[in-house]
Amino acid sequence: MSRKKKHWRSVKPAPKPEVVKRQITPLLIVAGLAAISIAVFIPLGNSTSVPATTTAATAIEVPEIDTTVMIHRTAQVIDQTRNAILRNPQSAEAWGRLGQVFDAHALYDHAAPCYRRAMQLDPSDVRWPYNLGMVREFQGADVDEVMALFNGFARERPDYPPIFVRIGDVLSRQGRLVEARDAYRHAAELDPGLAVAHRGAGQAMLSLNELDGAVKHLERATVLVGSDGPALASLSQAYAFSGRIARARRTARKSRAFGTKSTINIPDPIRYQVASIKLKR
Amino acid sequence: MVLLSQRKILGVSAIIAIGHTFGCRPQSPDAARLPAAASFAPAGTAWFRDVTSESGISFRHRSGGVGNFELIEIMSGGIALFDFDNDGDLDLYCINSASDLPPTASASEARNRLYRQEDDGRFVDVTDASGLGDRGYGMGVAVADIDNDGDVDVYVTNYGPDRLFRNNGDGTFDDITELWNVDVPGWSCSVSFLDYDRDGYLDIYVTQYVDYVAGRRCKDHAGRPDYCGPKAFPPVHDVLLRNTGGAATPGFADVSRSAGLTTVRGASLGVVCRDFTQDGWPDIYVASDAYANQLWVNQQNGTFEDESLFRGAAYNLHGQAEAGMGVLAADINADGIEDLFVTHLNKESNTFYRGRSDAGTFVDASGLTGLASDSMTYTGFGTVAFDIELDGDLDIAVANGRVVRAEPKTDSALSFPWNMFCEPNLAYLNDGAGTFTTIGLAGASFTSPAEISRGLAAGDFDNDGDVDIVVNSIEGHARLYRNDAPRSGSWLGVRAWDPRLMRDAIGARVTVASGGTTSTRVVDTGSSYLSAHDPRVHFGLGLSKSIESVQIIWPDGLVERFSGISPDRYVTLERAAGDPQP
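Cut-off values and rules
- Residues numbered from 1 in each chain as written.
- Chains lettered and ligands numbered in written order.
- Predicted model: local features only at pLDDT ≥ 70, side-chain atom pairs only at ≥ 80, totals over all residues.
- Heavy atoms only, no water.
- Helix = DSSP H or I, 4+ residues; strand = E, 2+ residues; numbered from the N terminus.
- Rg over C-alpha atoms; globule rule 2.2 N^0.38 Å.
- Buried < 20%, exposed > 50% of the residue type's maximum accessible area, 1.4 Å probe, protein only.
- Core = buried A, V, L, I, M, F, W, Y, C linked by side-chain atoms within 4.5 Å.
- Contact = heavy atoms within 4.5 Å.
- Pairing = 2+ DSSP bridges.
- Expected span 1.5 Å × (residues − 1).
- Axes fitted to C-alpha atoms, helices over the stretch in contact; angles between N-to-C directions.
- Disulfide = S-S within 2.5 Å.
- Salt bridge = Lys/Arg side-chain N within 4 Å of Asp/Glu carboxyl O.
- Phe/Tyr/Trp six-rings, centres within 6.5 Å; stacked < 30°, edge-to-face > 60°.
- Lys NZ or Arg CZ within 6 Å of the ring centre and 35° of its normal.
- pLDDT = per-residue confidence, 0-100.
- Parallel < 35°, antiparallel > 145°, perpendicular 65-115°, else oblique.
- Left-handed = near helix turned anticlockwise from the far one by under 90°.
- Lys, Arg positive; Asp, Glu negative; His and termini not counted.
- Polar contact = N/O pair within 3.5 Å; in protein donor to acceptor, adjacent residues only side chain to side chain.

Undergrad: Mind showing me how you'd approach the overall build of chain B here?
TA: If you tally the helices and strands in chain B, you get eight helices and 40 strands. Taken over the C-alpha trace, chain B has a radius of gyration of 23 Å; the compact-globule value for 582 residues is 25 Å, and the two agree within 12%. For chain B, the spread of C-alpha atoms along the three principal axes comes to 80 × 60 × 50 Å. For chain B, buried positions account for 64% of its 582 residues.

Undergrad: How should I be thinking about the overall build of chain A in this particular structure?
TA: For chain A, the count of helices and strands is 14 helices and zero strands. Listed by position from the N terminus, the elements making up chain A come as α-α-α-α-α-α-α-α-α-α-α-α-α-α. Taken over 281 residues, chain A has a buried fraction of 59%.

Undergrad: Help me out: how do you make sense of the nonpolar core in this one?
TA: The tendency in soluble globular proteins is for nonpolar side chains to be buried side by side. Residues and elements named next belong to chain B. Core analysis: the largest hydrophobic core is formed by 37 residues, its most contacted members being Y155, L492, V510, V550 and I552. Apart from residues lying up to four places away in sequence, L492 is in contact with V512, V537, H538, F539, L541, I547, V550, I565, S566, R569 and V571. Counting residues in hydrophobic clusters, the runner-up holds 35 residues, among them Y212, A267, L269 and A323.

Undergrad: How should the pairing of strand 7 (residues 153-167) of chain B be read in this particular structure?
TA: On a regular strand, one side chain projects to one face of the sheet and the next to the other, so that they alternate. Residue and element names in this part refer to chain B. Of all 15 residues in strand 7, 12 are buried, a share of seventy percent or more. Bridging between strand 7 and strand 8 (residues 173-175) involves three bridges; their strand directions are antiparallel. Residue pairing in the sheet places R166 in a bridge with D174 of strand 8. Counted between consecutive antiparallel strands, the loop separating strand 7 from strand 8 contains five residues, among which G169 sits at a positive phi close to 80°.

Undergrad: Explain helix 11 (residues 211-224) of chain A here, please?
TA: For the α-helix, the turn length of 3.6 residues means that residues three or four positions removed from each other point alike. Look at helix 11 of chain A: 20 Å from first C-alpha to last across 14 residues, which is about the 20 Å you get at 1.5 Å a residue. Inspection of helix 11 of chain A places A:L211, A:G213, A:A214, A:V215, A:H217, A:L218, A:A221 and A:T222 among the buried residues, and these make up the whole buried set.

Undergrad: Would you mind showing me how to read the sheet that holds strand 24 (residues 395-400) of chain B here?
TA: Backbone-to-backbone hydrogen bonds pair the strands of a sheet. The strands run either parallel or antiparallel. All names here are of chain B. Read across the open sheet, the four strands follow the order 23-24-25-26; overall the sheet is antiparallel. The sheet is open, and its two edges are formed by strand 23 (380-386) and strand 26 (436-438), each paired on a single side. Taking each pair of neighbouring strands and ignoring which way they run, the sheet shows an average axis angle of 25°. Here three bridges tie strand 24 to strand 25 (residues 426-430), and the two strands are oriented antiparallel to one another. Bridge assignment links A397 to a residue of strand 25, and that residue is A427.

Undergrad: Can you walk me through the state of the cysteines in this structure?
TA: Residues and elements named next belong to chain B. Counted under the stated rule, the structure contains one disulfide over all chains. Note on cysteine connectivity: C218 is disulfide-linked to C228, with sulfurs 2.1 Å apart. Its S-S torsion of approximately 95° makes the covalent link between C218 and C228 right-handed. Taken together, the positions of C218 in strand 11 (residues 218-219) and C228 in the loop between strand 12 (225-226) and strand 13 (239-243) put the pair 10 residues apart, joining distant regions of the chain.

Undergrad: So what exactly am I meant to see when it comes to the pattern of salt bridges here?
TA: Two side chains that carry opposite charge are able to pair once their charged atoms sit near each other. Inspection of every chain in the model, using the stated rule, returns 43 salt bridges over all chains. As a salt-bridge pair, B:R242 and B:D197 come within 2.9 Å of each other at their nearest N and O atoms. On the criterion of sequence distance, the pair formed by B:R242 in strand 13 and B:D197 in the loop between strand 9 (188-194) and strand 10 (203-208) is long-range, its members being 45 residues apart. For B:R242, a relative accessible area of 31% gives the class partly exposed. As a salt-bridge pair, B:R311 and B:E307 come within 2.7 Å of each other at their nearest N and O atoms. Overall, B:R311 belongs to the buried group, its relative accessible area being 13%. Of the residues examined, B:E307 reaches a relative accessible area of 3% and is grouped as buried. Linked by salt bridges that have partners in common, A:R181, A:D182, A:R185 and A:E210 make up one network.

Undergrad: Looking at this structure, I do not really get the packing of aromatic side chains. What am I missing?
TA: Pairs of aromatic rings are described using the distance from one ring centre to the other and the angle between the two planes. Residues and elements named next belong to chain B. Going through the model one piece at a time under the given rule, you end up with 27 aromatic pairs over all chains. An aromatic cluster is present here, built from Y137, Y159, W187, Y209, Y212 and F233 joined pairwise through their rings. Over the face of the ring belonging to F381 we find R454, whose NZ or CZ atom lies 3.8 Å from the ring centre. Note that R536 overlies the ring of Y570, its terminal NZ or CZ placed 4.1 Å from the centroid.

Undergrad: I would appreciate a short explanation of the confidence of the model for chain B in the present structure.
TA: Low pLDDT means the predicted atomic positions in that stretch should not be read closely. All names here are of chain B. The predicted model of chain B has a mean per-residue pLDDT of 90, with 91% of residues at 70 or higher. Scored below 50 in pLDDT, residues 1-43 makes 92 contacts in the model with residues more than four places away or belonging to other chains. Confidence estimates for the predicted assembly give a pTM of 0.87 and an ipTM of 0.85.

Undergrad: Got a minute to help me understand the environment of B:V191 in this structure?
TA: Tracing the backbone through its elements, the reader meets B:V191 in strand 9. Separated by 335 residues in sequence, B:V191 and B:G526 place their C-alpha atoms 6.7 Å apart.

Undergrad: Mind showing me how you'd approach the packing of helix 5 (residues 108-121) of chain A against helix 6 (residues 127-138) of chain A here?
TA: Each pair of packed helices can be described by the angle between their axes along with the distance between the axes. Residues and elements named next belong to chain A. Two numbers describe how helix 5 lies on helix 6: the axes approach to 9 Å, and their chain directions differ by 155°. One element, helix 5, and the other, helix 6, form an angle in the roughly antiparallel class. When the axes of helix 5 and helix 6 are compared, the crossing they make is left-handed. Counted together, Y108, A111, A112, Y115, R116, A118 and M119 of helix 5 and W128, P129, N131, L132, V135, R136 and F138 of helix 6 form the full contact between these two elements.

Undergrad: I'm lost on the sheet that holds strand 32 (residues 509-514) of chain B in this one. Help?
TA: Residue and element names in this part refer to chain B. The five strands lie next to each other as 33-32-37-38-40, forming an open sheet whose pairing is antiparallel. Of all the strands in the sheet, the pair left with one neighbour each is strand 33 (517-522) and strand 40 (579-580). Relative to strand 37 (residues 549-553), strand 32 runs antiparallel, the two sharing five bridges. Pairing of V510 across the sheet is with I552, part of strand 37.

Undergrad: Got a minute to help me understand the side chain of B:D331 in this structure?
TA: Residue and element names in this part refer to chain B. By the element assignment, D331 lies in the loop between strand 19 (327-330) and strand 20 (339-342). One buried charged residue, D331, remains without a salt bridge, the closest side chain of opposite sign being R521 at 6.2 Å. Looking at D331, its side chain comes within polar contact range of the main-chain nitrogen of A334, at 3.0 Å. Among all residues touching D331, those that are not within four sequence positions of it are G336, I337, E338, D339, L394 and T520.

This is the structure in structure tokens:
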């Protein structure tokens, strides 16, 4: 196994879960409030759009997109955020903000270069490589590229459980199930109340045919969030593979009643900041 | 303003440097992928040759779309390869939709087309003479012999009433929709034939998409006009038609409710029928768009139960319902157990459900096979598994084309708005151990044209021993690709024929033992997306020069062994002509 593949393991020893939880909970609250205030109060610049052709040297580098067919608010946010860059092309925050705006509207081809630029201008801000990793994965980028971004973040923020869930997601999609399982379990150790980490660990273990562990984690996930159809479906699968067919059928019925949409949210302030851009539209 | 405490990142500069260019123009992910994959097969060797024009095929699909983003216009495009005139070569049937949308009462110029293959390999349009030029808003097609008279009949799905055409055996078809009591309105998509009650007559499973209402307008994440997703419309249940062929008045009866199908509603698109539970009774697997896929397990009493959730075939590894489009069932990893492969929307990978040893259960093994990551940026529809280069394992082809708008592709032959939805197709080579690599430039004629591909069917149209493919594309031309891949071995084609029923033994399980290995295929004509294919099963044999035996498990449970069969040919094996096995 290459060293690169194990980067996430090389993080600092995790603090005790209770301590982490105390650290995380206020952080989440502050982050949520901050995200909302960002969306509401950040001055987005002059409402008069600067034509891309008027500042040629900079405008060439700023991703352009035809906003004429978008709804007004979206077009306005994009134009205003672009203009902020044109006014201050060396601002990492401005570039990152434009990346977030594109990212929030699923314009990933446009978001990625903005995040890259923000990373270049301010390598200390961990939001940009994290968001870029998410975007690059949506774009179908090479796993090594995505993992390098996520591992870099994990080195800097080993106390941030969502990153290990993201890493688990990437690895499991690559079929690197043992590493994925360990990443999810690490997230669950950091925050034992993190249902998505238990669900991921259970699903990875289900694929690894580690059925006892799968049942344990999936039951934990469904205790934490009892209405998550996908977790219940995986649990019913784990029961069935363990030969507990009657219980599998009952759990499957319960899963079906809750539907296909996951009700487990991942408390991830960095991604919430992106999502809030669209939520405020 | 900065959300998290900003730590100095010593390693970030190095991370940034990995594979990044700091240009700020959006880069197409497609562009970066092809050269890397191209190393798999030598450049300059065209493994698939587009022989559409020289074969005389001139079909052009029309959706009727005029930029109003009506969902039905982006979902059509079935295609069938089948031998309608029983002359031993495959003919071609292409599904069309409409030249106007909504479809007008006046006869649309866009109608389905039947091409008969002549002895010289050219295809001739015989639509008018055949009676198969249906002008409904066409979606898909299925082919099988519904009346056990020795020729293949045609079922056409439409947005609007489906049509059933009986083959008269003289090159013509009669529309027997009403005569045979086929009453399937709504939005039908893929169809599969199966004999679910084992009475010898083929029944019909029809997937139904959604309760569509024209005129609904949706927008993408950026607020631009776009196609609605399935959840913008009420879900519906599928339809099961029981063939009452043994009765005094043959026909079909809608048994959806009594069979239990109405208990589940979704947005079904692809379907494939197999005896997944290996109990001798055919089951049904349905790919559903944004809903849980369905695995209808035959209860052997005329009813089915959807056991997909606990059998592991409903959701992907992460427990997510994906946008199931096309589907195939085959023993992809050659372990003797049928697997499932389902194509999906971009941002979702295509999913490989590996069949587990306890019959009828599956686990998502997409990542392990290499079939996941390359598909993340594409929207897959039709899919087929066949041995491209005859090396003894099953390879996979996928027809792609978006349903969610993207930036227009300026290098596409399609004009706006269609150039926002075009994508290249995918072809994967199996390394023999169930790991796949995209075929690269060698397959470029198939994988390079950016179109909105939908229906995909496989069959050896030139009977030269390797399997060719046909694709139908929205607002594009149907394309026939001849397989010219360098051959890595010999082959065998088997037609499993039941003389009592005078038809192909749909559902028969054919296993070839050769060179110390065994390979299994199941006889069917329907899977992929909206498409139908050659009922002959095809085996690449690799370097093996001889065949130890061919075993067939017939749909009624009879097991026979056939010996003395040489490779590199097509053989027809008849039921009760082999050596019975215990």
